[in-house]
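# Fold and geometry: a report
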Amino acid sequence: MIEARHLRVLRAVSTTGSFSAAARELGCTQPAVSQQMKALESSAGTTLLIRTGREMRLTQAGEALVRHASGILAGLTAAEEEVAAIAGLRAGRVRLVSFPSGSSTLVPGALAALRAEHPGTRVSLVEAEPPRSVDLLRDGDCDIALAFRYGTSGGEWDDLVVRPLLTDRLIGLVPEGHRLADASSVGIDELADEPWIAGCPRCRRQLVEVCEEAGFTPRIDFATDDYPAVMGLVGAGLGVAVLPELAVESVRPKGARTVSVEPAIEREIVALTLPDLARVPAVAAPPDQLARAAAR
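What you see is a predicted model, and the numbers here were worked out from it, not measured in a lab. (Residues numbered from 1 in each chain as written. Predicted model: local features only at pLDDT ≥ 70, side-chain atom pairs only at ≥ 80, totals over all residues. Heavy atoms only, no water.)

### Comments concerning empty space enclosed by the protein
Under the defined criterion, the tally for this structure stands at one cavity of 30 Å³ or more. Approximately 60 Å³ is the volume attributed to the largest cavity. Those elements that provide at least two residues to the lining of the largest cavity are α7 (201-213) and β10 (241-244). By residue class, the composition of the lining of the largest cavity is nine nonpolar, one polar and one charged. (1 Å grid on protein atoms, 1.4 Å probe; cavity = no way out; pocket = protein on both sides within 12 Å on 5 of 7 lines; lining within 4 Å. Points joined across faces, edges and corners; volume = space filled by probe spheres on them. Helix = DSSP H or I, 4+ residues; strand = E, 2+ residues; numbered from the N terminus. Nonpolar A, V, L, I, M, F, W, Y, C, P; charged D, E, K, R; others polar.)

Dropping the structure here:
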């Protein structure tokens, strides 16, 4: 295999005409130049230089290799500079996937701060709920997944780097004229006979589990992944719901009141990435900014 360092030496010999002059230009010894030229000829499988008096002359193979060396070394230099720029966060690309309420609350401030600190880093964003977002990460379709889970969900993320961001509590939503609209806290069992409006599949499953633990199965009349739609349905008096605080922060509920729900229903918000990606500076930076946004 031809090595770039040998090509640099060959080009110096071609330019200066001798091993000693090439050594002075490269800042090394003449024996080192001679040794590297022998290694290059061994790799190439042919003679590249012929000594004529005090000067070195390139063979036809040597001339061909020098001709290509300029382009190869220029490309390598450009590659080294680009990699250095990415490693130094002067350039780079990050693909982020987030669930909707995270996109509207945590992501904007985090990306604004990231752009201010590292203007050369470009971030793209698509939306997906877990577990779909986590599948996208594992399949190589994104670099960071902003996700959530209820409880520990043991083992599902053991192959990933998990950066905890915050604990998001679910709060109740009832119509303004509801009998519990002015309550400071509501037991989930007090809503046993109400029609329910459920959110995303993972949230819906958690709702059913919590209600069943309280002794009833919720009657889900409507189900939608769109949080503003949930709030609109509650505001129209069509049922009650529980939504994450992040979702309520992102949309002002019209015609609906928020109430605390007992027992507490909480979800863990995290930033996920793959272990190898976590060592890439451009990928390591956004979770730090997401953590700062979550702490505000």
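Still to come is the rest of the account.
### Focus: the pattern of salt bridges
Tallied over the entire structure, the rule returns 13 salt bridges. Residue Arg-202 pairs with Glu-156 through a salt bridge whose shortest N-O separation is 3.6 Å. Of this pair, Arg-202 sits in helix α7 while Glu-156 sits in the loop between β5 (144-150) and β6 (161-175), and the two are 46 residues apart along the sequence. Judged by relative accessible area, which is 11%, Arg-202 ranks as buried. Owing to a relative accessible area of 25%, Glu-156 belongs among the partly exposed residues under this scheme. (Salt bridge = Lys/Arg side-chain N within 4 Å of Asp/Glu carboxyl O. Buried < 20%, exposed > 50% of the residue type's maximum accessible area, 1.4 Å probe, protein only.)

### So, the pairing of β6
Sheet topology note: the β6/strand β12 (residues 266-273) ladder contains eight bridges and is antiparallel. Following the sheet pairing, Arg-163 is matched in β12 by Ala-271. Inspection of the sheet shows β6 paired to β10 by four bridges, in the antiparallel sense. Within β10, the position partnered with Gly-172 by the bridge is Val-242. Examined bridge by bridge, β6 and strand β11 (residues 256-262) share four bridges and lie antiparallel to one another. The residue of β11 that forms the bridge with Val-174 is Arg-257. (Pairing = 2+ DSSP bridges.)

### Regarding α7
Over its 13 residues, α7 runs 18 Å from end to end, which matches the ideal 18 Å to within 8%, given 1.5 Å per residue. Taken together, the buried positions of α7 are occupied by Arg-202, Cys-203, Gln-206, Leu-207, Val-210 and Cys-211. Taken down its axis, α7 places every buried residue within 165 degrees of arc, on the same side. Summarising the contacts, the buried residues of α7 are in contact with β5, β8 (195-198), α8 (227-235), β10 and β12. Gly-215 lies just past α7 and shows a positive phi near 100 degrees. (Expected span 1.5 Å × (residues − 1). Arc of directions from axis to C-beta. Contact = heavy atoms within 4.5 Å.)

### Description of the pairing of β11
When strand β7 (residues 185-187) meets β11, the two strands line up parallel, connected through three bridges. Looking at β11, one finds that Ser-185 is bridged to Ser-260.

### Section: the packing of aromatic side chains
For the coordinates displayed, the defined rule picks out two aromatic pairs. Plain terms: the ring middles of Phe-99 and Phe-148 are 5.1 Å apart, the flat faces sit at 85 degrees to each other, and that makes the pair edge-to-face. With a gap of 49 residues between them, Phe-99 in the loop between β3 (92-98) and α5 (100-117) and Phe-148 in strand β5 connect regions that are remote in the sequence. One exposure class covers both Phe-99 and Phe-148, and it is buried. (Phe/Tyr/Trp six-rings, centres within 6.5 Å; stacked < 30°, edge-to-face > 60°.)

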